[in-house]
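# Working through the structure, step by step
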Amino acid sequence: MHRERIAEMRPPIAIDANHFARLSALSSLTSGPMMDVCEYLREELDRAHVLPAEKLRPDIVNLGSQVEFRDEQTGKSQEIILVYPFDADITLRRVSVLTPVGAALLGLSVNQTISFHTRTGERRELTVLKVGRAV
């Protein structure tokens, strides 16, 4: 029940059907230290509205999106590119969907805010400011 209440407080999200099956498989393969973020990603996928790629609005965070977001606790804005784990490279601001930030941003649209917990259990809120295609 508590988990359902948390899910109800999350904003609606949409995910590209082309990535949905791959993300679902990815979220169920990992264990150990990644287990919590995989569980969170599965919860997000379960509640997502899955759409064909051509119907996904361009202001929705998808794999390959360049995303500018603000951390509501610090007021700091950052820009990242959301990628699959094997493409992640923090020095290039390429953030994996299998990180708490990556999983939280997936499927959000501009001006949506989501609350989630970091790996250390800290509650964070992120607001999407801008979404574009990575170059």
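Residues numbered from 1 in each chain as written. Predicted model: local features only at pLDDT ≥ 70, side-chain atom pairs only at ≥ 80, totals over all residues. Heavy atoms only, no water.

### Topic: unusual backbone geometry
Definition in use: A run of DSSP states H or I qualifies as a helix once it reaches four residues; a run of E qualifies as a strand once it reaches two. Both are numbered from the N-terminal end. Relative accessibility decides the category of a residue: with a 1.4 Å probe and only protein chains considered, values under 20% of the type maximum give buried, values over 50% give exposed, and everything between is partly exposed.
Look at Arg 93: it is not a glycine, yet its phi comes out positive at around 60°. A positive phi angle is found at Asn 111, which is not glycine, with a value near 80°. The residue Asn 111 is located in the loop between α4 (100–105) and β6 (113–117) in this model. Take Asn 111: its relative accessible area is 62%, and that puts it in the exposed class.

### Section: the confidence of the model for the protein
The cut-off we apply is this: The score called pLDDT rates the predictor's confidence residue by residue, from a low of 0 to a high of 100. Here a residue-residue contact requires only that any non-hydrogen atoms of the pair lie within 4.5 Å.
Per-residue confidence for the protein averages 89 on the pLDDT scale, and 91% of its residues sit at or above 70. Taken as a whole, residues 1–8 scores under 50 in pLDDT and shows two contacts with residues more than four places along the chain or in a different chain.

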